[in-house]
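Report on the structure
What follows is each chain in one-letter form.
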Amino acid sequence: MSTTTNLTETSANQAPAPVRKMCPHCGSDDVIHTGTMVWDIASQDWMVSGLYDKGAACNACDRENIELVDETAGVDAASPAGAPQDRPVSPTTDPLTIAYIALGAATALTAHRAKGGELIGGGELELIAELIRHAPMLDRLAEGKDFDGVYYYEVAEPFGKQVAERMVDGDYLSPQEAEAVASELIAGATV
Ligand SMILES: [Zn+2]
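For the structure given in this document, a descriptive report is provided here.

This paragraph deals with the side chain of His112. Mapping His112 onto the fold places it in helix 1 (residues 95–114). Contacts of His112, omitting those with residues within four sequence positions, involve Gly117, Glu118, Leu119, Val168 and Asp169.

The next point concerns the coordination of the zinc ion. The zinc ion binds to the protein through Cys23 (SG), Cys26 (SG), Cys58 (SG) and Cys61 (SG); the donor distances cover 2.3 Å. One can describe the donor arrangement at the zinc ion as tetrahedral, given that its four donor atoms subtend angles of 105 to 112° at the metal. The sequence motif formed by the donor residues of the zinc ion is C-x2-C-x31-C-x2-C. The residues Cys23 and Cys26 share a single accessibility class, namely buried.

Running from amino to carboxyl end, helix 3 (residues 135–142) crosses helix 4 (residues 151–168) at an angle of 145°, the nearest separation of the two axes being 11 Å. Pair helix 3 / helix 4 crosses with right-handed handedness. The segment helix 3 lies against helix 4, with Met137, Leu138, Asp139 and Ala142 engaging Tyr151, Val155, Ala156 and Phe159. When grouped by side-chain class, the residues that make up the contact of helix 3 with helix 4 number seven nonpolar, no polar and one charged.

A complete count under the given rule lists five aromatic pairs for this structure. A ring pair is formed by Tyr100 and Tyr153, whose centres lie 5.5 Å apart and whose planes are at 70°; its orientation type is edge-to-face. Placement of the pair is Tyr100 in helix 1 and Tyr153 in helix 4, with a sequence separation of 53 residues. With a centroid separation of 5.4 Å and an interplanar angle of 40°, the aromatic rings of Phe147 and Tyr151 are classed as tilted. We classify Phe147 as buried; its relative accessible area is 19%.

Look at helix 1 against helix 4: their axes get within 7 Å of each other, and the N-to-C directions meet at 45°. With respect to each other, helix 1 and helix 4 are oriented oblique. Between helix 1 and helix 4 the crossing geometry is right-handed. From helix 1, Leu96, Thr97, Tyr100, Ile101, Leu103, Gly104, Ala105, Thr107, Ala108, Leu109 and His112 reach across to helix 4, where they touch Tyr151, Tyr152, Tyr153, Ala156, Glu157, Phe159, Gly160, Lys161, Ala164, Glu165 and Val168.

Side chains that are three or four residues apart share a direction in an α-helix, a result of its 3.6 residues per turn. End to end, helix 5 (residues 175–189) covers 21 Å across 15 residues, agreeing with the expected 21 Å (1.5 Å per residue, within 8%). If you check which residues of helix 5 are buried, you get Ala178, Val181, Ala182, Leu185, Ile186 and Ala189. The arc that holds every buried residue of helix 5, seen down its axis, measures 130°, which confines them to one face. For helix 5, exposure combined with an orientation more than 90 degrees from the buried face picks out Gln176, Glu184, Ala187 and Gly188. Structurally, helix 5 contributes buried residues whose contacts are with helix 3 and helix 4.

Going through the model one piece at a time under the given rule, you end up with nine salt bridges. Here Asp171 and Arg166 are joined by a salt bridge, their closest N and O atoms 2.9 Å apart. Residue classification places Asp171 among the partly exposed residues on the basis of a relative accessible area of 30%. Members of the salt-bridge network, linked through shared partners, are Arg20, Asp29 and Glu71.

Rules behind the numbers
Residues numbered from 1 in each chain as written. Predicted model: local features only at pLDDT ≥ 70, side-chain atom pairs only at ≥ 80, totals over all residues. Heavy atoms only, no water. Helix = DSSP H or I, 4+ residues; strand = E, 2+ residues; numbered from the N terminus. Contact = heavy atoms within 4.5 Å. Donors = N, O, S within 2.8 Å, 3.2 Å for Na, K, Ca; no water. Tetrahedral: all angles 85-135°; square planar, octahedral: opposite > 155°, others 65-115°. Buried < 20%, exposed > 50% of the residue type's maximum accessible area, 1.4 Å probe, protein only. Axes fitted to C-alpha atoms, helices over the stretch in contact; angles between N-to-C directions. Left-handed = near helix turned anticlockwise from the far one by under 90°. Nonpolar A, V, L, I, M, F, W, Y, C, P; charged D, E, K, R; others polar. Phe/Tyr/Trp six-rings, centres within 6.5 Å; stacked < 30°, edge-to-face > 60°. Parallel < 35°, antiparallel > 145°, perpendicular 65-115°, else oblique. Expected span 1.5 Å × (residues − 1). Arc of directions from axis to C-beta. Salt bridge = Lys/Arg side-chain N within 4 Å of Asp/Glu carboxyl O.

Here's what the structure looks like:
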């Protein structure tokens, strides 16, 4: 564990260029790092006293124990998610993947409501927000594959429907479970 009094590491005689910490797998800057904190009497606040080795994780693709990548950021860069033009070009989550996952979910939600079902443990917004977090994983698994149908129709939409059907029953899939659903759909749709 490294000992540090704050989260930025800058050289004493160089102007500190702001950096963006990014996930090496999906390129998101929605990353976190676990560590220990000590109570500081002077500032009446918790201060970071150390960062755990292997403590970095990505909220976007749910990977843990990752090596964060530094990218120089503009002084006015927003954190953690900047404007689209500030985001890394590749790899990014395909907005159509997200759209078709949501379309599939809409089918599941409509069917669920038609049966008089309630949403367990949260509302529709929470369900959709949770569901589309799987989109980078879906794109990653589909990358470089040849689909005989269309990826959005054959994979993203049914993925959204199947996962949403389980979520309305209170079964929130782990990243591994969601990946298993995606893998099966991709296997069925590739040449
Ligand atoms: Zn990631």
